[in-house]
Amino acid sequence: MTTATPSLPLFVLGRGSDPESERGVDCPGSLPPASDPDLVRRAAAAKATLGDRLFVLGHHYQRDEVIAFADVTGDSFKLAREAAARPDAEYIVFCGVHFMAESADILTTDAQQVVLPDLAAGCSMADMARLAQVEDAWDALVDAGLDQDTIPVTYMNSSADIKAFCGRHGGVVCTSSNARRVLEWAYARGRRVLFLPDQHLGRNTAVLQLGLDLDDCVVWDPRRTDGGLTTEQLTAATMVLWRGHCSVHGRFTAEAVADVRARIPGVQVLVHPECQHEVVTAADQVGSTEFIISAIENAPAGSAWAVGTELNLVQRLAKEHPEQQIVFLEKTVCYCATMNRIDLPHLVWALEELVAGRVPNRIVVDPQTAAEARAALQRMLDLPG
Ligand code: SF4
C-alpha cells in the first residue's frame, strides 16, 4: 500500500522559496517600477547592446509588452527547439514559465545560459505532479506487477525531474500537438499508459483520437492512499490519468459553450485539449495553441470564433484579425497568473543585468536529470513527423 504524499504547501507567488515546488524564489536586486515611462526604450537599448549574444523567446501566452521584444514566439516545444537551433546565442531569455526554461536548458549546449526573468513564473499544472508522488504511484504499479506493461508518458508541461522519471522508465514526452502519435508509440510497447500530469489532455487524446472508452481510463489521485484506486481498477485500466489540470484551461465549461452559441449565431468554438472532456466534446474544433493560431489565420473574413485558451493569446488574435469576430469563451476565466509574472519591468531588469555582466535567474538542470529527461524527449523527437 502507498500512502498519500502530502500536497504542496501554499506558496505565495514571488515570496520566499519552495524547494518542493516547480517554481523558484524571489528575483534578487531591484526591479524598475511598472510606471517607468522609459521601460520600452531601456529594453530596446539593452537588447541592442547584447546583439547576437542574446536570443529572447516569447511563449504565446505572454503579455503583448513582452512579446514585443521576443525574437521568436511559439509554444513550449517550438521555443525549446528554437533555442537549441541557436547555439551561438550565449544567453537565452525565456519569457514563459519555469518548466519551459528547464526544457530549453536541457536542449541547449552547456555554454548557453537560460534566464527566466521572474523565478516565480511556475506552472500550477507542473506542480501537481511531484517526483515523490509519481514514484509512489509507480511503486503501486510495481507491487501490482503492472510496471512491465505500463509506459509513463509526460506532457511537456512538467518539471525536468518528471521528464527524467519517464526517461528512466522507458517513457516519453508529448506535446498537445503530437499526443496522439506519442500514445500510439506507447501502446505499441505496453498495454497501459501512466499519463502525467494533465488528466484532460490524456483523456481527450485517448478517447477522442485513439478510440478508448471513458471506462478504460482511471484517475490516480496523489492525495489519496493508493491513488484512490484498487489493484483491480489499476489492472483493468489501459489509461491511468494523473489527477492534474491546467488552472486556466480546466476552468472553461460546457455551459459557456452553450451560452456563446446562443449569443453568436454561427460561431465556431475552438478549444485547447487541456480543457475538460465535456468542453472539448461540445466544441467544434480542438487543438494545440499552434493549431488554434493557424485555424484563425486561415479563416475567412466575417467568421466568428469563441476561443478557449489563454486570454493574452485570444486578445492578441482578436487584435490581429479585426476582419473576424473573435471572443474569449468564458467570461470568468482569467489570465494565467504565472505566465503574467513576466512583465516588462522583469524583462528590463533581466536584460540590464546581462548587459552589466551578471546572469540573473539562471535555470540549470543537473546533468543526470538532464540526460534522463533528454532520453524521454529524444524518443518523442525520433517519432516520424
Ligand atoms: S496556462 Fe496552464 S499549463 Fe500553461 S503555464 Fe499556465 S497553468 Fe501552466
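Residues numbered from 1 in each chain as written. Predicted model: local features only at pLDDT ≥ 70, side-chain atom pairs only at ≥ 80, totals over all residues.

Student: With reference to specific residues and values, describe the sheet that holds strand β13 (residues 325-328).
Tutor: As summarised here, the arrangement of the 4 strands in space is β11-β10-β12-β13, forming an open sheet in which the pairing is parallel. Looking at strand neighbours, the two that pair on one side only are β11 (285-286) and β13, the edges of this open sheet. (Pairing = 2+ DSSP bridges. Helix = DSSP H or I, 4+ residues; strand = E, 2+ residues; numbered from the N terminus.)

Student: So what's going on with the UniProt feature "binding site: iminosuccinate" (unreviewed entry) in the protein chain? Residues and values would help.
Tutor: UniProt feature "binding site: iminosuccinate" (unreviewed entry): in the numbering of this structure it lies at His59, Ser76, Tyr155, Met156, Asn157, Ser176, His272, Pro273, Glu274 and Thr289. Within the element layout of this structure, histidine 59 appears in strand β1 (residues 54-59). Setting aside residues up to four positions removed in sequence, histidine 59 forms contacts with Ser76, Leu79, Cys95, Gly96, Met100 and Met339. Tracing the chain through its elements places histidine 272 in the loop between β10 (268-271) and α12 (277-282). (UniProt positions renumbered as here; feature names shortened; annotations may be inferred. Contact = placed C-beta atoms within 7 Å.)

Student: So what's going on with the site of the ligand? Which residues, and what values?
Tutor: Neighbouring residues of the ligand: 13 residues in total, closest Cys123, Met125, Cys246, Val248 and Cys336. Per-class residue counts for the shell around the ligand are 8 nonpolar, 4 polar and 1 charged. Two domains each put at least three residues into the shell around the ligand: domain 1 (39-123 + 338-366) and domain 2 (126-247 + 372-381). (Near = placed C-beta within 6 Å. Nonpolar A, V, L, I, M, F, W, Y, C, P; charged D, E, K, R; others polar. Domains from an automatic or database assignment.)

Student: Mind laying out the sheet that holds strand β4 (residues 113-115), listing which residues take part and the relevant values?
Tutor: The strand order across the open sheet built from 4 strands is β2-β1-β3-β4, with neighbouring strands paired in parallel fashion. Each of the sheet's edge strands pairs with one partner strand only, and the pair in question is β2 (72-74) and β4. Sheet twist, expressed as the average angle between the axes of neighbouring strands with direction ignored, equals 25°. Here 3 bridges tie β1 to β2, and the two strands are oriented parallel to one another. Residue pairing for β2: histidine 59 is matched across the bridge by glycine 74. Packing against the sheet, helix α3 (residues 76-84) makes contact with β1, β2 and β3 (91-95), and its axis sits at approximately 170° to β1. (Axes fitted to C-alpha atoms, helices over the stretch in contact; angles between N-to-C directions.)

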